[in-house]
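# Examining the three-dimensional arrangement
Now for the letters of each chain:
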Amino acid sequence: MKNTTLPNKRSAKPPADHALHPLDYFERRKNEIIQTIQQLVEIESPSDIKQAVDRLSAVLEGRFSDLGGQTRFHRAEKFGNHLQVDFPGRPTGRPVLLLGHLDTVYPIGTLAEMPFRVADGRVWGPGALDMKSGIALALHAIEGLQARQGRVLPRPVTVLLVSDEEVGSESSRGITESLAKKSSAVLVLEPSYGLRGAVKTARKGVGEYKITVHGKAAHSGLDFDQGDSAVLELARQVIEISKLIDRKRGLTLNAGVIIGGTRVNVIAAEASAWIDVRIARRKDAAGIDRKLRSLKPFNRKCKIEITGGLNRPPMERSPGVAALYRKAARAAKDLGWSLEEAAVGGGSDGNFTAALGIPTLDGLGGVGEGAHALHESVLVAELPRRAALLAALIEGI
């Protein structure tokens with residue numbers, strides 16, 4: 001009888017990185033991803049503090065350089081510098097653009113009140129979800145592709161991290177659009193939608209208008225009939241504006257801030273309202289703009305001044321967006337789960353690229369909840385899956 005010796009499982013070597021299933025590879029590096037998120041979260045980067053955002057971009061410039069990326073800064077005066085990183089690939093061709101932002105909504109000092117921590121299966125901290133986890137995932141997805149396929153990526157990749165997304169992308173929009181036009185597709189590193197991790201295939205366009213009413217001041221006791229109240233006129237205008245809401249068309253308007261008057265016993269000479277406008281379809285932009293600018297005063301002695309406009313076009317679910325989602329859904333299925341899609345009301349820089357006709361998929365960052373809030377957090381268990389999905393899309397687009 002032939003003797004056979006069973007292998008000693010305890011002495012078997014674990015497979016090399018390049019032989020691992022992608023999900024296993026990133027599962028092994030989950031703690032490294034968390035450490036990167038911590039590094040980024042603990043560098044506070046509010047949009048309005050240029051020096052703070054520049055500190056973060058300098059750290060990331062070093063991290064991407066270590067991976068072999070060619071880095072450059074697009075200098076900005078008012079906001080932080082925008083970081084671009086280019087990776088060559090094989091074969092050469094149009095790159096995929098990984099798009100994200102460095103800035104957060106939190107002022108300097110927020111870390112003292114909501115410090116970075118790992119607890120209850122989550123990573124917590126200001127900007128952890130929106131969107132420093134997305135930046136960390138991009139870093140580790142690129143590193144993972146290099147480990148599995150060699151130093152050169154399977155395709156060219158451009159990373160753009162802007163500094164002013166949270167305040168309208170005034171200084172970065174042109175850079176984003178220019179790079180998008182040179183790309184085959186755009187993958188946006190914003191957080192996913194909901195705890196089920198849906199990607200975003202449609203976003204509303206965003207506009208902001210300021211309605212200012214000029215009236216006539218008078219003493220509210222001695223000369224009541226001599227005044228023309230800007231506050232009263234503005235209140236009537238806000239009611240008229242609310243009549244323009246059309247939920248079926250995805251059109252909403254919100255008077256989010258109203259100011260007016262000087263003292264309680266003075267009929268107000270001036271009052272203003274800031275109106276947030278959201279549209280689901282680009283063709284509705286001109287119509288709502290025309291209606292707002294054609295508002296007429298109820299009190300003909302008052303004058304209305306209207307400024308502002310649409311600053312982000314909607315991201316519509318175009319055939320290119322839908323095709324990119326299907327590729328992502330297939331990649332997720334190969335990795336072992338079902339990837340959902342969602343249409344959301346908030347805007348991102350992906351709105352700009354989708355409006356150019358470039359296939360764009362949003363929500364490829366962390367899975368969590370509480371963006372811009374005290375309970376902002378990211379699910380730790382989802383980090384390997386999101387890194388593996390991002391890597392698969394880079395490779396398979």
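Residues numbered from 1 in each chain as written. Predicted model: local features only at pLDDT ≥ 70, side-chain atom pairs only at ≥ 80, totals over all residues. Heavy atoms only, no water.

## Some details on the overall build of the protein chain
Which entries qualify depends on this criterion: What counts as a helix is a DSSP run of H or I of at least four residues, what counts as a strand is a run of E of at least two, and both are numbered from the N terminus. We call a residue buried when its accessible area falls under 20% of the maximum for its residue type, exposed when it is over 50%, and partly exposed in between, using a 1.4 Å probe and counting protein chains only. What makes two residues a contact is simply this: any of their non-hydrogen atoms within 4.5 Å. In short, Shrake-Rupley with a 1.4 Å probe defines the accessible areas, and a residue's cover is counted only from the protein chains shown.
When helices and strands are counted, the protein chain shows 11 helices and 18 strands. Counting only C-alpha atoms and orienting by the principal axes, one finds that the protein chain spans roughly 115 × 45 × 40 Å. Looking at the protein chain as a whole, 50% of its 397 residues are labelled buried. Partitioning the contacts of the protein chain with sequence separation of at least 6, the portion at a separation of at least 24 is 79%. In the structure as shown, the protein chain presents an accessible area of about 18800 Å², 51% of it carried by carbon and sulfur atoms.

## Remarks on the environment of E61
Looking at the secondary structure, you find E61 in helix α3 (residues 50-66). Taking the relative accessible area as the measure of exposure, E61 reaches 23% and is therefore partly exposed. For the pair E61 and L379, spaced 318 residues apart in sequence, the C-alpha to C-alpha distance is 26 Å. The residues touching E61, leaving out its near neighbours within four places in the chain, are T71, F73 and L83.

## Remarks on the pairing of strand β13 (residues 270-279)
In plain terms, the rule: DSSP bridges decide pairing: two strands pair if at least two such bridges lie between them.
Relative to β13, strand β9 (residues 205-214) runs antiparallel, the two sharing 10 bridges. Opposite I211, over in β13, you have A273 as the bridge partner.

## Regarding the side chain of T176
Topologically, T176 is positioned in helix α6 (residues 173-181). Residue T176 is classed as buried on the basis of its relative accessible area of 0%. Not counting chain neighbours up to four residues away, the residues in contact with T176 comprise L97, L99, L160, V162, D349 and T353.

## Quick notes on the pattern of salt bridges
Definition in use: Salt bridges are counted wherever a side-chain nitrogen of Lys or Arg sits within 4 Å of a carboxyl oxygen of Asp or Glu.
According to the stated counting rule, one finds 15 salt bridges in the structure shown. The salt bridge partner of R203 is D362, with a shortest N-O separation of 2.6 Å. With R203 in strand β8 (residues 199-203) and D362 in the loop between β16 (360-361) and β17 (368-369), this pair connects stretches of sequence that are 159 residues apart. Exposure remark for R203: the relative accessible area of 6% places this residue in the buried category. Note that E240 is salt-bridged to K243, the shortest N-O span being 2.9 Å. Owing to a relative accessible area of 27%, E240 belongs among the partly exposed residues under this scheme.

## Digging into the nonpolar core
Our working definition: Within this scheme, the nonpolar core is defined by two criteria: the residues are buried Ala, Val, Leu, Ile, Met, Phe, Trp, Tyr or Cys, and they are joined through side-chain atoms within 4.5 Å.
Within the largest apolar cluster, 63 residues are counted, with the highest numbers of intra-cluster contacts made by L60, F64, L98 and L187. Per-element accounting of this core gives the leading share, 11 residues, to helix α5 (residues 128-149). Not counting residues up to four positions away in its chain, the partners in contact with L187 are V96, L97, L98, L99, L324, L361, L364, L390, L393, I394 and I397.

## With respect to the sheet that holds strand β1 (residues 70-74)
Across the sheet, six strands lie side by side as β1-β2-β6-β3-β7-β16; this open sheet has mixed pairing. For this open sheet the edge positions go to β1 and β16, each flanked by a neighbour on one side alone. Note that strand β3 (residues 96-101) and strand β7 (residues 185-188) share four bridges and pair parallel. Bridging across to β7, V96 finds its partner in A185.

## Some words on the confidence of the model for the protein chain
To keep it simple, the criterion reads: The predictor reports its confidence for every residue as pLDDT, a score running from 0 up to 100.
Averaged over every residue, the pLDDT of the protein chain is 94; residues scoring 70 or more account for 95%. Long-range and interchain partners of residues 1-11, a stretch whose pLDDT sits below 50, account for zero contacts in this model, where long-range means more than four residues apart.

## Topic: the sheet that holds strand β4 (residues 117-119)
Taken together, four strands build an open sheet; the order of strands is β4-β5-β18-β17 and the sheet is antiparallel. What marks the edges here is a single partner per strand, and that holds for β4 and β17.

## Thoughts on α3
In plain terms, the rule: By this rule, a helix spans an expected 1.5 Å times one less than how many residues it contains.
Taking 1.5 Å per residue, 17 residues should reach 24 Å; α3 reaches 24 Å between its end C-alpha atoms and fits that length. Of all the residues in α3, the buried ones are A52, V53, D54, L56, S57, L60 and F64. Check the buried side of α3 and you find it contacts α2 (30-41), β1, β2 (82-87), α5 and β6 (157-162). Two residues or fewer after α3 comes G68, characterised by a positive phi angle close to 95°.

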